[in-house]
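Chain residues, written in single-letter form:
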Amino acid sequence: SLADAPADVRAAAVADEAYWKKLCPMLHVCDPDLRRQLRSAIIDPDPDLVDELRARMARDGYWDIDAAARRADSGDLQLPWLISVEAMAQGLARLAAAGWPPSFLLMYDEPWVMAHQLKHLILHTSGNLLLFDFALFHVGSGRTPSGDVDAPDGASHRGWAPHRDRGVDATAGAFRSDQTPKYTTMWVALTDATPYSSCLMCVPKRYDPGYHGGDGARDPMAQIIRTHGMGAALQYVRALPVRAGSAIHFSHRLLHWGSASDEIERASRGEAPRMALSFAFADSQFERPFLSDAAARAPLPSAATRAGLIAGLALFYAANESPGAWRCRLYWDVFRAARAEGAFAERFAATVDANFAALAAAEVAAEAAAEAEAAAEVEAEVEAEAEAEAE
């Protein structure tokens, strides 16, 4: 088993293409035909669409494209995905059933194809480049990040709490002179995202005093309520339900969150659990890509690089969602193997190193504390027995 295997064997097993192909045969792994098709599948927006999306970002801090909306000139879909969004959702469900976190969808070509198709659109609308910072979501999976079964109303049935993707308060350096944000996130729905299955929620830029002004030590939502009053502030909250295959692109300063899933209502309406993925883009002076220059040049990275990135991201964000002690050690072995091949940028790797060291130290401290507590209990029992005999 992976738990007992040496580090190099564990890393190789997680990066095994044959295993992932067998687990989700509806998806692709390092497929040469898909790689060839990808060269001509980049979404190239017309200037009018670029202007519209830039204006929406400037006004609200986000823009969205409905997968079913059609261009007026050609009738083509605005998001002509090269891959099957439905198959991606099926793959996420299979991963969950097999005990893998949603992030392991990155072992397949489909998320990488999506990111590659959108790179040109994001470059035109924001000036930002792909960071290779991915997140996968399966609201209603019933599994925690550590793989444990979650409570019926546990965190796995809710989206993330209200937050900004990069909560810096030095907001002046986070925007260009034309006010385009230097860090943005592309969020793509793999199933319909509704108020019942969970959808993104936000407070649009124009109602958010902290968007440009910064939050300081204040809670962003509390500041919004203080500015507008409770009644108006609640009315400014905006739900963003979208159909599968649709995209929402937002600034790192947009206050947003995922609503809780109503499992009873969702099931009664025949809606699937909410599944989605996101990937970040940034100005290179604001934040550098997580992959090395050499690894970033490949539209479809090797399986070892993908496995290493999944592991690295779990450790990079472990303070937000702890993967648990066993998974931390597994991820560390997988990450180190890919790092040895030069897959990652040094700044990203250094953060992963520091986070794992802190997690390992905390685990050692916890074990020592548990041993000390057990020893104290034994000592107390011995003393109690001695006192009883003395009496």
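Preceding block: the structure.
Thresholds applied
- Sequence order sets the numbering: in each chain, residues are counted from 1 along the sequence as written.
- Given that the model is predicted, a residue must reach a pLDDT of at least 70 before its local features are reported, and side-chain atom pairs must reach 80 or more before they are shown or counted; all residues, however, enter totals for whole chains, interfaces and linings.
- For the side-chain quantities, the full set of heavy atoms in the structure was used; hydrogens and water were omitted.
- Note on ring pairs: Phe, Tyr and Trp rings are taken, using the six-membered ring of Trp, and paired if centres are within 6.5 Å. Classes follow the plane angle, with under 30 degrees stacked, over 60 edge-to-face and the rest tilted.
- Numbering of helices and strands runs from the N terminus; a helix is a DSSP stretch of H or I covering at least four residues, while a strand is a stretch of E covering at least two.
- With a 1.4 Å probe rolled over the protein chains alone, any residue whose accessible area is under 20% of its type maximum counts as buried; one over 50% counts as exposed, and the rest are partly exposed.
- We call a charge positioned over a ring when the NZ of a Lys or the CZ of an Arg lies within 6 Å of the ring centre and within 35 degrees of the ring normal.
- Here the axes come from fitting lines to C-alpha atoms, over the contacting stretch only for helices, and the angles between their N-to-C directions go from 0 to 180 degrees.
- Note that the term roughly parallel is reserved for angles under 35 degrees, roughly antiparallel for angles over 145, roughly perpendicular for angles of 65 to 115, and oblique for everything else.
- Each crossing gets its hand from how the near helix is turned against the far one by less than a right angle, where anticlockwise is left-handed and clockwise is right-handed.
- We call two residues in contact whenever any of their non-hydrogen atoms come within 4.5 Å of each other.
- All amino acids are sorted into three groups, where Ala, Val, Leu, Ile, Met, Phe, Trp, Tyr, Cys and Pro are nonpolar, Asp, Glu, Lys and Arg are charged, and the leftover types, Gly among them, are polar.
- Within this document, salt bridges are pairs made up of a side-chain nitrogen of Lys or Arg and a carboxyl oxygen of Asp or Glu, the two lying within 4 Å of each other.
- The pairing criterion is simple: DSSP has to find at least two bridges between the two strands.
- The arc in question is the one traced by the directions running from the helix axis out to the C-beta atoms.
- A cavity here means a set of points on a 1 Å grid, drawn over the protein atoms and nothing else, where a 1.4 Å probe fits but cannot get out; a pocket is an open set with protein on both sides within 12 Å along at least five of seven lines, and a residue lines either one if it has an atom within 4 Å of a point.
- Grid points are joined across faces, edges and corners, and a volume is the space filled by probe spheres set on the points.

Caption draft 1: Looking closely at the packing of aromatic side chains. In the structure shown here, the tally under the stated rule is 24 aromatic pairs. The interplanar angle of 50° and the centroid separation of 5.7 Å between the aromatic rings of Phe134 and Phe279 together place this pair among those described as tilted. Taken together, the residues Phe134 in strand E2 (residues 129–139) and Phe279 in strand E8 (residues 274–282) connect sequence positions 145 residues apart. In this structure Phe279 comes out as buried when scored by relative accessible area, which is 0%. Grouped by ring-pair contacts, the aromatic residues Phe290, Phe316, Tyr317, Trp332, Phe335, Phe344, Phe348 and Phe356 constitute a single cluster. The ring of Tyr196 carries the charged tip of Arg269 above its face, separated from the ring centre by 3.8 Å.

Caption draft 2: Looking closely at the packing of helix H13 (residues 325–340) against helix H14 (residues 346–390). Two elements in contact, H13 and H14, have axes separated by 11 Å at closest approach and are oriented at 150°. When the axes of H13 and H14 are compared, the pair comes out roughly antiparallel. Considering how the two elements wind past one another, H13 and H14 form a crossing that is left-handed. Facing H13, whose interface residues are Ala325, Cys328, Arg329, Trp332, Phe335 and Arg339, H14 presents Glu346, Phe348, Ala349, Val352, Asp353, Phe356, Leu359 and Glu363. Taken together, the residues of the contact of H13 with H14 sort by class into 9 nonpolar, no polar and 5 charged.

Caption draft 3: Representation of the pattern of salt bridges in the model. In the structure shown here, the tally under the stated rule is 23 salt bridges. Note that Asp60 and Arg238 form a salt bridge whose closest N and O atoms lie 3.3 Å from each other. One end of the pair, Asp60, is in helix H4 (residues 47–60); the other, Arg238, is in strand E5 (residues 238–240), and 178 residues separate them in sequence. Since its relative accessible area comes to 4%, Asp60 is described here as buried. Given the relative accessible area of 25%, Arg238 is considered partly exposed.

Caption draft 4: Structural context of the sheet that holds strand E4 (residues 200–203). Spatial ordering of the open sheet is given by E5-E4-E7, a layout of 3 strands whose pairing is antiparallel. Each edge of the sheet is formed by a strand with only one pairing partner; in this case those strands are E5 and strand E7 (255–258). For this sheet, the mean angle separating the axes of adjacent strands, direction not counted, is 25°. With 4 bridges joining them, E4 and E7 adopt antiparallel strand pairing.

Caption draft 5: Broad picture of helix H1 (residues 7–14). Listing the buried residues of H1 in full gives Arg10, Ala11 and Val14. Buried residues in H1, looked at end-on, bunch into an arc of 95°, giving them a common side.

Caption draft 6: Expanded view of empty space enclosed by the protein. Tallying each qualifying case throughout the model produces 2 cavities of 30 Å³ or more. Lining the largest cavity, in full, are Trp112, His116, Lys119, Leu130, Phe132, Ala296, Ala298, Pro299 and Pro301. Among the elements of the structure, helix H6 (109–126) and E2 are those that each provide at least two residues to the lining of the largest cavity. In terms of residue count, H6 provides more of the lining of the largest cavity than any other element does, 3 residues in total. Residue classes in the lining of the largest cavity are distributed as 7 nonpolar, 1 polar and 1 charged. As a volume, the second largest cavity reaches approximately 40 Å³. In terms of lining residues, the second largest cavity is bounded by Leu53, Met57, Trp63, Thr125, Ser126, Thr180, Pro181, Thr184 and His249. Those elements giving two or more residues to the lining of the second largest cavity turn out to be H4 and H6.

Caption draft 7: Spotlight on the sheet that holds E2. Taken in spatial order, the 5 strands of this open sheet run E1-E6-E3-E8-E2, and their pairing is antiparallel. Only two strands of the sheet have a single partner each, and these edge strands are strand E1 (62–65) and E2. Taken pair by pair, the neighbouring strands of this sheet meet at an average axis angle of 15°, ignoring direction. As judged from the 5 bridges shared by strand E3 (residues 183–189) and strand E6 (residues 247–251), these two strands associate in the antiparallel manner. When the bridges of E6 are listed, Met186 appears paired with His249.

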